[in-house]
Amino acid sequence: MSQTLSLAKELINIQSITPNDHGCQKILIDRLQKIGFDITELNSNGVSNFFALRGNHGKLLAFSGHTDIVPPGDLSEWHSPPFTATVRDGKLWGRGSADMKSALAAMIVATERFIAKHPNHSGKIGFLITSDEEGSAKEGTIKIVEYLQKNNIQLDYCLIGEASSDKKLGDVIKVGRRGSLHGELTVHGKQGHIAYPHLAINPIHRSFQALDHLTKIIWDQATELFSPTSFQIYNINADTGATNIIPGSLTARFNFRYSPASTAESLQEKVEKVFKEHQLEYDIHWNHSSKPFYSKPGALTKACQESILNLCNVTTEHNTTGGTSDGRFIAVMGAEMVELGLRNESIHHVDENTDLVDLEKLTDLYEDILGRLSVISDQCQ
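None of these values were measured; they are calculated from a predicted model.

The subject of this paragraph is the sheet that holds strand β4 (residues 86-88). On the basis of which strands lie adjacent, the open sheet formed by three strands has the order β4-β5-β19 and antiparallel pairing. The open sheet has two edge strands, β4 and β19 (353-355), and neither has a second partner. Neighbour to neighbour, the strand axes of the sheet diverge by 25 degrees on average, direction disregarded. Where strand β5 (residues 91-93) meets β19, three bridges bridge the pair, whose relative direction is antiparallel. Along β19, the bridge assignment pairs Leu-92 with Thr-354.

Okay, here's the thing in C-alpha coordinates:
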(Lines give C-alpha, C1' and ligand atoms only; values in the text may rest on other atoms or scores of the structure.)
Protein backbone atom coordinates (compact mmCIF):
# COMPACT_ATOMS: atom_id res chain seq x y z
CA MET A 1 0.00 0.00 0.00
CA SER A 2 1.36 3.43 -0.95
CA GLN A 3 1.90 6.12 1.67
CA THR A 4 -0.80 8.29 0.09
CA LEU A 5 -3.37 5.51 0.04
CA SER A 6 -2.54 4.54 3.62
CA LEU A 7 -3.00 8.10 4.89
CA ALA A 8 -6.17 8.63 2.85
CA LYS A 9 -7.70 5.48 4.32
CA GLU A 10 -6.74 6.55 7.84
CA LEU A 11 -8.53 9.88 7.34
CA ILE A 12 -11.62 8.39 5.67
CA ASN A 13 -12.09 6.00 8.59
CA ILE A 14 -12.72 9.02 10.86
CA GLN A 15 -16.31 10.31 10.95
CA SER A 16 -15.43 14.00 10.69
CA ILE A 17 -18.86 15.26 9.66
CA THR A 18 -18.78 19.05 9.48
CA PRO A 19 -17.74 20.88 11.60
CA ASN A 20 -16.23 18.08 13.69
CA ASP A 21 -12.64 17.11 13.02
CA HIS A 22 -12.46 14.14 15.43
CA GLY A 23 -8.68 13.86 15.24
CA CYS A 24 -7.97 14.14 11.50
CA GLN A 25 -5.90 17.26 11.98
CA LYS A 26 -3.77 15.72 14.73
CA ILE A 27 -2.69 13.09 12.22
CA LEU A 28 -1.70 15.79 9.73
CA ILE A 29 -0.03 17.97 12.36
CA ASP A 30 2.07 15.10 13.70
CA ARG A 31 3.40 14.33 10.22
CA LEU A 32 4.10 17.98 9.41
CA GLN A 33 5.94 18.55 12.69
CA LYS A 34 8.21 15.59 11.91
CA ILE A 35 9.42 17.35 8.75
CA GLY A 36 10.07 20.71 10.36
CA PHE A 37 6.79 22.63 10.20
CA ASP A 38 5.79 25.08 12.90
CA ILE A 39 2.11 24.66 13.78
CA THR A 40 -0.32 27.32 14.94
CA GLU A 41 -3.66 25.93 16.01
CA LEU A 42 -6.51 28.39 15.48
CA ASN A 43 -9.55 26.58 16.81
CA SER A 44 -12.75 28.63 17.00
CA ASN A 45 -16.14 27.79 18.53
CA GLY A 46 -15.84 24.06 18.10
CA VAL A 47 -14.10 24.25 14.71
CA SER A 48 -10.55 22.90 14.31
CA ASN A 49 -8.13 25.00 12.23
CA PHE A 50 -4.39 25.18 11.89
CA PHE A 51 -1.70 27.02 9.96
CA ALA A 52 1.58 25.24 9.32
CA LEU A 53 4.75 26.91 8.04
CA ARG A 54 8.20 25.71 7.02
CA GLY A 55 10.97 28.04 5.86
CA ASN A 56 11.77 31.66 6.64
CA HIS A 57 12.65 33.26 3.32
CA GLY A 58 11.43 33.46 -0.25
CA LYS A 59 7.92 33.15 -1.60
CA LEU A 60 5.24 31.23 0.28
CA LEU A 61 3.25 28.47 -1.40
CA ALA A 62 0.38 27.32 0.81
CA PHE A 63 -1.83 24.27 0.44
CA SER A 64 -5.43 24.81 1.51
CA GLY A 65 -7.88 22.06 2.42
CA HIS A 66 -10.54 20.78 4.80
CA THR A 67 -10.91 17.71 6.97
CA ASP A 68 -14.70 17.95 7.35
CA ILE A 69 -17.10 16.01 5.17
CA VAL A 70 -20.82 16.06 4.39
CA PRO A 71 -23.11 13.48 6.05
CA PRO A 72 -23.35 10.10 4.28
CA GLY A 73 -27.14 10.03 3.97
CA ASP A 74 -28.94 6.68 4.01
CA LEU A 75 -26.30 4.11 4.99
CA SER A 76 -28.30 1.29 3.40
CA GLU A 77 -27.66 2.82 -0.03
CA TRP A 78 -23.88 2.46 0.27
CA HIS A 79 -22.27 -0.67 -1.15
CA SER A 80 -19.57 -0.44 1.52
CA PRO A 81 -19.63 1.52 4.79
CA PRO A 82 -18.90 5.22 4.16
CA PHE A 83 -16.52 5.41 7.12
CA THR A 84 -14.62 2.23 6.33
CA ALA A 85 -12.19 3.06 3.54
CA THR A 86 -12.51 0.26 1.00
CA VAL A 87 -10.37 -0.59 -2.02
CA ARG A 88 -12.07 -2.44 -4.85
CA ASP A 89 -12.22 -2.28 -8.64
CA GLY A 90 -9.18 -0.01 -8.77
CA LYS A 91 -10.85 2.67 -6.63
CA LEU A 92 -10.88 3.95 -3.07
CA TRP A 93 -14.42 4.14 -1.67
CA GLY A 94 -15.70 6.12 1.31
CA ARG A 95 -16.99 9.52 2.35
CA GLY A 96 -14.24 12.05 1.69
CA SER A 97 -12.38 9.90 -0.82
CA ALA A 98 -12.91 12.56 -3.51
CA ASP A 99 -13.79 15.60 -1.38
CA MET A 100 -11.18 15.94 -0.04
CA LYS A 101 -9.36 13.64 2.33
CA SER A 102 -7.49 11.93 -0.47
CA ALA A 103 -6.21 15.30 -1.68
CA LEU A 104 -5.06 16.10 1.86
CA ALA A 105 -3.15 12.83 1.91
CA ALA A 106 -1.58 13.67 -1.45
CA MET A 107 -0.52 17.10 -0.18
CA ILE A 108 1.14 15.70 2.94
CA VAL A 109 2.96 12.86 1.19
CA ALA A 110 4.05 15.12 -1.69
CA THR A 111 5.49 17.58 0.83
CA GLU A 112 7.26 14.81 2.75
CA ARG A 113 8.85 13.54 -0.46
CA PHE A 114 9.85 17.01 -1.60
CA ILE A 115 11.51 17.89 1.72
CA ALA A 116 13.30 14.54 1.86
CA LYS A 117 14.87 15.38 -1.51
CA HIS A 118 15.33 19.13 -0.83
CA PRO A 119 15.76 19.66 2.95
CA ASN A 120 17.18 23.13 2.30
CA HIS A 121 14.60 24.10 -0.31
CA SER A 122 14.08 27.66 -1.43
CA GLY A 123 10.88 29.40 -0.50
CA LYS A 124 8.35 28.69 2.22
CA ILE A 125 5.64 26.02 2.36
CA GLY A 126 2.43 26.43 4.29
CA PHE A 127 -0.84 24.62 5.07
CA LEU A 128 -4.23 26.20 5.79
CA ILE A 129 -6.47 23.42 7.12
CA THR A 130 -10.00 23.70 8.55
CA SER A 131 -12.91 21.49 9.63
CA ASP A 132 -15.52 24.09 8.60
CA GLU A 133 -15.69 24.16 4.81
CA GLU A 134 -18.74 22.00 4.15
CA GLY A 135 -20.84 23.80 6.78
CA SER A 136 -21.35 27.47 7.52
CA ALA A 137 -17.63 28.26 6.98
CA LYS A 138 -17.91 31.09 9.50
CA GLU A 139 -15.28 29.68 11.87
CA GLY A 140 -12.92 28.06 9.38
CA THR A 141 -10.49 29.35 6.78
CA ILE A 142 -11.69 32.90 7.38
CA LYS A 143 -10.18 32.66 10.87
CA ILE A 144 -6.86 31.46 9.46
CA VAL A 145 -6.84 34.37 7.01
CA GLU A 146 -7.52 36.81 9.87
CA TYR A 147 -4.53 35.37 11.72
CA LEU A 148 -2.28 35.70 8.67
CA GLN A 149 -3.34 39.30 8.09
CA LYS A 150 -2.90 40.21 11.76
CA ASN A 151 0.62 38.78 11.75
CA ASN A 152 1.61 40.21 8.34
CA ILE A 153 2.11 36.76 6.82
CA GLN A 154 1.77 37.14 3.06
CA LEU A 155 0.68 34.27 0.83
CA ASP A 156 2.21 34.39 -2.63
CA TYR A 157 0.60 31.24 -4.00
CA CYS A 158 -2.27 29.09 -2.72
CA LEU A 159 -3.04 25.63 -4.07
CA ILE A 160 -6.51 24.47 -3.00
CA GLY A 161 -7.14 20.73 -3.14
CA GLU A 162 -10.82 20.81 -4.08
CA ALA A 163 -11.98 18.20 -6.59
CA SER A 164 -11.60 20.31 -9.73
CA SER A 165 -11.06 17.66 -12.41
CA ASP A 166 -13.86 16.55 -14.73
CA LYS A 167 -13.26 13.57 -17.03
CA LYS A 168 -9.52 13.15 -16.45
CA LEU A 169 -7.23 14.18 -13.63
CA GLY A 170 -5.97 17.68 -14.33
CA ASP A 171 -8.25 18.47 -17.25
CA VAL A 172 -9.73 21.42 -15.30
CA ILE A 173 -8.28 23.79 -12.75
CA LYS A 174 -10.28 26.54 -11.06
CA VAL A 175 -8.95 30.10 -11.10
CA GLY A 176 -12.00 31.73 -9.52
CA ARG A 177 -15.60 31.16 -8.49
CA ARG A 178 -18.95 32.86 -8.85
CA GLY A 179 -20.52 34.60 -5.87
CA SER A 180 -23.45 33.21 -3.89
CA LEU A 181 -26.50 35.17 -2.69
CA HIS A 182 -29.38 33.53 -0.83
CA GLY A 183 -32.87 34.97 -0.39
CA GLU A 184 -35.50 33.83 2.10
CA LEU A 185 -38.89 35.23 1.13
CA THR A 186 -42.11 35.35 3.14
CA VAL A 187 -45.24 36.38 1.24
CA HIS A 188 -48.20 37.39 3.38
CA GLY A 189 -51.78 36.58 2.40
CA LYS A 190 -54.95 36.01 4.35
CA GLN A 191 -55.90 32.62 5.68
CA GLY A 192 -59.39 31.35 4.96
CA HIS A 193 -61.63 28.40 4.15
CA ILE A 194 -60.76 26.85 0.82
CA ALA A 195 -64.46 26.87 -0.18
CA TYR A 196 -64.66 30.65 0.25
CA PRO A 197 -61.63 31.98 -1.65
CA HIS A 198 -63.21 35.43 -1.99
CA LEU A 199 -62.80 35.85 1.77
CA ALA A 200 -59.09 34.97 1.71
CA ILE A 201 -55.93 36.09 -0.07
CA ASN A 202 -54.01 33.14 -1.45
CA PRO A 203 -50.25 33.85 -1.14
CA ILE A 204 -49.43 30.84 -3.33
CA HIS A 205 -51.25 32.16 -6.38
CA ARG A 206 -49.78 35.62 -5.93
CA SER A 207 -46.26 34.35 -5.35
CA PHE A 208 -46.07 31.96 -8.29
CA GLN A 209 -46.54 34.72 -10.83
CA ALA A 210 -43.69 36.72 -9.35
CA LEU A 211 -41.40 33.73 -8.89
CA ASP A 212 -42.07 32.56 -12.43
CA HIS A 213 -41.18 36.06 -13.61
CA LEU A 214 -37.81 35.77 -11.83
CA THR A 215 -37.01 32.45 -13.51
CA LYS A 216 -37.33 34.09 -16.95
CA ILE A 217 -35.01 37.04 -16.34
CA ILE A 218 -31.60 37.10 -18.06
CA TRP A 219 -29.52 38.63 -15.30
CA ASP A 220 -26.30 39.14 -17.25
CA GLN A 221 -24.22 37.65 -20.05
CA ALA A 222 -21.47 35.05 -19.97
CA THR A 223 -17.85 36.18 -20.16
CA GLU A 224 -14.74 34.32 -21.23
CA LEU A 225 -14.25 32.81 -17.77
CA PHE A 226 -17.60 33.24 -16.01
CA SER A 227 -20.92 31.66 -16.92
CA PRO A 228 -23.95 33.95 -16.61
CA THR A 229 -25.67 34.52 -13.29
CA SER A 230 -28.20 31.81 -12.47
CA PHE A 231 -31.33 32.00 -10.29
CA GLN A 232 -32.63 28.82 -8.65
CA ILE A 233 -35.56 28.30 -6.28
CA TYR A 234 -34.79 25.38 -3.96
CA ASN A 235 -37.60 25.42 -1.41
CA ILE A 236 -41.26 26.52 -1.28
CA ASN A 237 -43.59 25.90 1.65
CA ALA A 238 -47.12 27.02 2.49
CA ASP A 239 -48.52 23.88 4.10
CA THR A 240 -50.93 24.37 7.04
CA GLY A 241 -51.39 20.66 7.73
CA ALA A 242 -55.02 20.77 6.61
CA THR A 243 -56.70 20.17 3.26
CA ASN A 244 -59.39 22.83 3.53
CA ILE A 245 -57.40 25.94 4.42
CA ILE A 246 -55.95 28.62 2.18
CA PRO A 247 -52.65 29.40 3.92
CA GLY A 248 -51.92 32.80 5.35
CA SER A 249 -48.31 32.90 4.17
CA LEU A 250 -45.78 31.28 1.87
CA THR A 251 -42.04 30.96 2.30
CA ALA A 252 -39.60 30.46 -0.55
CA ARG A 253 -35.83 30.11 -0.58
CA PHE A 254 -33.71 30.80 -3.61
CA ASN A 255 -30.11 31.31 -4.61
CA PHE A 256 -28.10 33.33 -7.10
CA ARG A 257 -24.74 32.11 -8.33
CA TYR A 258 -23.56 35.34 -9.80
CA SER A 259 -20.70 36.50 -11.97
CA PRO A 260 -18.71 39.73 -11.60
CA ALA A 261 -21.04 41.21 -14.25
CA SER A 262 -23.60 41.61 -11.45
CA THR A 263 -23.42 42.63 -7.81
CA ALA A 264 -25.35 41.38 -4.82
CA GLU A 265 -26.92 44.82 -4.50
CA SER A 266 -28.07 44.97 -8.13
CA LEU A 267 -29.63 41.52 -7.90
CA GLN A 268 -31.48 42.39 -4.71
CA GLU A 269 -32.87 45.55 -6.29
CA LYS A 270 -34.12 43.68 -9.38
CA VAL A 271 -35.78 40.98 -7.29
CA GLU A 272 -37.59 43.41 -5.01
CA LYS A 273 -38.71 45.45 -8.02
CA VAL A 274 -40.42 42.33 -9.41
CA PHE A 275 -42.15 41.68 -6.08
CA LYS A 276 -43.46 45.23 -6.00
CA GLU A 277 -44.64 45.01 -9.62
CA HIS A 278 -46.69 41.96 -8.61
CA GLN A 279 -48.01 43.82 -5.57
CA LEU A 280 -46.80 41.27 -3.06
CA GLU A 281 -46.92 41.97 0.63
CA TYR A 282 -43.65 40.40 1.68
CA ASP A 283 -40.59 40.29 3.89
CA ILE A 284 -37.22 39.11 2.65
CA HIS A 285 -33.98 38.17 4.36
CA TRP A 286 -30.78 38.21 2.29
CA ASN A 287 -27.64 36.21 3.04
CA HIS A 288 -24.63 37.15 0.93
CA SER A 289 -22.32 34.18 1.56
CA SER A 290 -19.58 34.93 -0.96
CA LYS A 291 -18.40 37.42 -3.54
CA PRO A 292 -17.11 36.29 -6.93
CA PHE A 293 -13.36 36.20 -7.29
CA TYR A 294 -10.82 35.68 -10.03
CA SER A 295 -7.12 34.94 -9.67
CA LYS A 296 -5.03 36.26 -12.53
CA PRO A 297 -2.85 33.45 -13.91
CA GLY A 298 0.83 33.67 -13.01
CA ALA A 299 3.66 31.41 -11.88
CA LEU A 300 1.41 28.99 -9.98
CA THR A 301 -1.00 28.54 -12.87
CA LYS A 302 1.93 27.99 -15.22
CA ALA A 303 3.48 25.44 -12.87
CA CYS A 304 0.18 23.54 -12.63
CA GLN A 305 -0.32 23.53 -16.39
CA GLU A 306 3.22 22.29 -17.06
CA SER A 307 3.04 19.60 -14.38
CA ILE A 308 -0.31 18.34 -15.66
CA LEU A 309 0.96 18.24 -19.24
CA ASN A 310 4.19 16.46 -18.31
CA LEU A 311 2.77 13.95 -15.82
CA CYS A 312 -0.78 13.39 -17.12
CA ASN A 313 -0.36 14.27 -20.79
CA VAL A 314 -3.40 16.54 -20.46
CA THR A 315 -3.79 20.13 -21.63
CA THR A 316 -5.70 21.72 -18.77
CA GLU A 317 -8.57 24.21 -19.03
CA HIS A 318 -9.09 26.90 -16.43
CA ASN A 319 -12.58 27.98 -15.50
CA THR A 320 -14.70 29.29 -12.61
CA THR A 321 -17.63 26.87 -12.61
CA GLY A 322 -19.00 24.92 -9.66
CA GLY A 323 -19.95 25.84 -6.13
CA THR A 324 -18.18 28.06 -3.66
CA SER A 325 -14.83 27.20 -2.10
CA ASP A 326 -12.65 28.62 0.64
CA GLY A 327 -10.82 30.52 -2.07
CA ARG A 328 -13.40 33.25 -1.46
CA PHE A 329 -11.79 33.97 1.92
CA ILE A 330 -8.20 33.65 0.72
CA ALA A 331 -8.80 35.97 -2.25
CA VAL A 332 -8.60 39.07 -0.02
CA MET A 333 -4.89 38.35 0.53
CA GLY A 334 -4.06 38.86 -3.13
CA ALA A 335 -2.30 35.52 -3.54
CA GLU A 336 -2.43 33.72 -6.86
CA MET A 337 -4.85 30.83 -6.36
CA VAL A 338 -5.47 27.60 -8.22
CA GLU A 339 -7.84 24.77 -7.30
CA LEU A 340 -6.42 21.45 -8.43
CA GLY A 341 -7.72 18.13 -7.19
CA LEU A 342 -9.32 14.83 -8.07
CA ARG A 343 -12.30 14.21 -10.33
CA ASN A 344 -15.55 15.56 -8.94
CA GLU A 345 -18.12 13.17 -10.42
CA SER A 346 -18.87 11.41 -7.12
CA ILE A 347 -18.45 14.19 -4.55
CA HIS A 348 -21.33 14.37 -2.04
CA HIS A 349 -22.83 11.24 -3.66
CA VAL A 350 -23.60 7.86 -2.17
CA ASP A 351 -20.63 5.54 -2.89
CA GLU A 352 -18.17 8.44 -3.18
CA ASN A 353 -14.92 7.18 -4.66
CA THR A 354 -11.68 8.09 -6.37
CA ASP A 355 -9.42 6.28 -8.80
CA LEU A 356 -6.28 4.80 -7.23
CA VAL A 357 -4.14 5.79 -10.19
CA ASP A 358 -5.40 9.38 -9.91
CA LEU A 359 -4.57 9.40 -6.20
CA GLU A 360 -0.94 8.53 -6.85
CA LYS A 361 -0.72 10.88 -9.81
CA LEU A 362 -2.10 13.77 -7.77
CA THR A 363 0.66 13.20 -5.22
CA ASP A 364 3.20 13.38 -8.07
CA LEU A 365 1.58 16.58 -9.37
CA TYR A 366 1.75 18.32 -5.99
CA GLU A 367 5.40 17.32 -5.54
CA ASP A 368 6.29 18.52 -9.02
CA ILE A 369 4.51 21.86 -8.48
CA LEU A 370 6.42 22.32 -5.22
CA GLY A 371 9.65 21.85 -7.15
CA ARG A 372 8.71 24.30 -9.88
CA LEU A 373 7.66 27.00 -7.40
CA SER A 374 10.79 26.43 -5.32
CA VAL A 375 12.92 27.14 -8.39
CA ILE A 376 10.96 30.31 -9.08
CA SER A 377 11.37 31.40 -5.46
CA ASP A 378 15.11 30.80 -5.70
CA GLN A 379 15.32 32.91 -8.85
CA CYS A 380 13.44 35.77 -7.15
CA GLN A 381 15.86 36.06 -4.24
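Bringing helix α6 (residues 264-277) into the picture now. Taking 1.5 Å of rise per residue, 14 residues should cover 20 Å, and α6 covers 20 Å from first to last C-alpha, within 8% of that figure. Every buried residue of α6 is listed here: Ala-264, Leu-267, Val-271, Val-274 and Phe-275. Projected onto a plane normal to the axis of α6, the buried residues spread over an arc of 100 degrees and lie on a single side. In α6, the exposed positions angled more than 90 degrees off the buried face are occupied by Glu-269, Lys-273 and Lys-276. Directly after α6, the chain includes Gln-279, whose backbone phi takes a positive value near 55 degrees.

Attention shifts here to the nonpolar core. In terms of nonpolar packing, the biggest core is built from 52 residues, with Phe-127, Leu-159, Leu-340, Leu-362 and Tyr-366 touching the most fellow members. Per-element accounting of this core gives the leading share, 10 residues, to helix α3 (residues 101-117). Not counting residues up to four positions away in its chain, the partners in contact with Leu-362 are Ala-103, Ala-106, Leu-169, Leu-340, Gly-341 and Leu-342. Of all hydrophobic cores here, the second largest spans 22 residues; its members include Ala-264, Leu-267, Val-271 and Val-274.

This next bit is on unusual backbone geometry. Here the bond from Thr-18 into Pro-19 is cis, since omega is 0 degrees, no more than 30 degrees from zero. Topologically, Pro-19 is positioned in the loop between α1 (3-12) and α2 (24-34). For the peptide bond that leads from Asp-99 to Met-100, omega is -15 degrees, which places it in the cis range. Residue position: Met-100 is located in the loop between β5 and α3. The phi dihedral of His-22 is positive, around 55 degrees, even though this residue is not glycine. On the basis of relative accessible area, His-22 is assigned to the exposed category, the value being 55%. The phi dihedral of Asp-89 falls on the positive side, at around 55 degrees, and the residue is not glycine. The exposure class of Asp-89 is exposed, given its relative accessible area of 68%.

Analysis parameters
- Residues numbered from 1 in each chain as written.
- Predicted model: local features only at pLDDT ≥ 70, side-chain atom pairs only at ≥ 80, totals over all residues.
- Heavy atoms only, no water.
- Pairing = 2+ DSSP bridges.
- Helix = DSSP H or I, 4+ residues; strand = E, 2+ residues; numbered from the N terminus.
- Axes fitted to C-alpha atoms, helices over the stretch in contact; angles between N-to-C directions.
- Expected span 1.5 Å × (residues − 1).
- Buried < 20%, exposed > 50% of the residue type's maximum accessible area, 1.4 Å probe, protein only.
- Arc of directions from axis to C-beta.
- Core = buried A, V, L, I, M, F, W, Y, C linked by side-chain atoms within 4.5 Å.
- Contact = heavy atoms within 4.5 Å.

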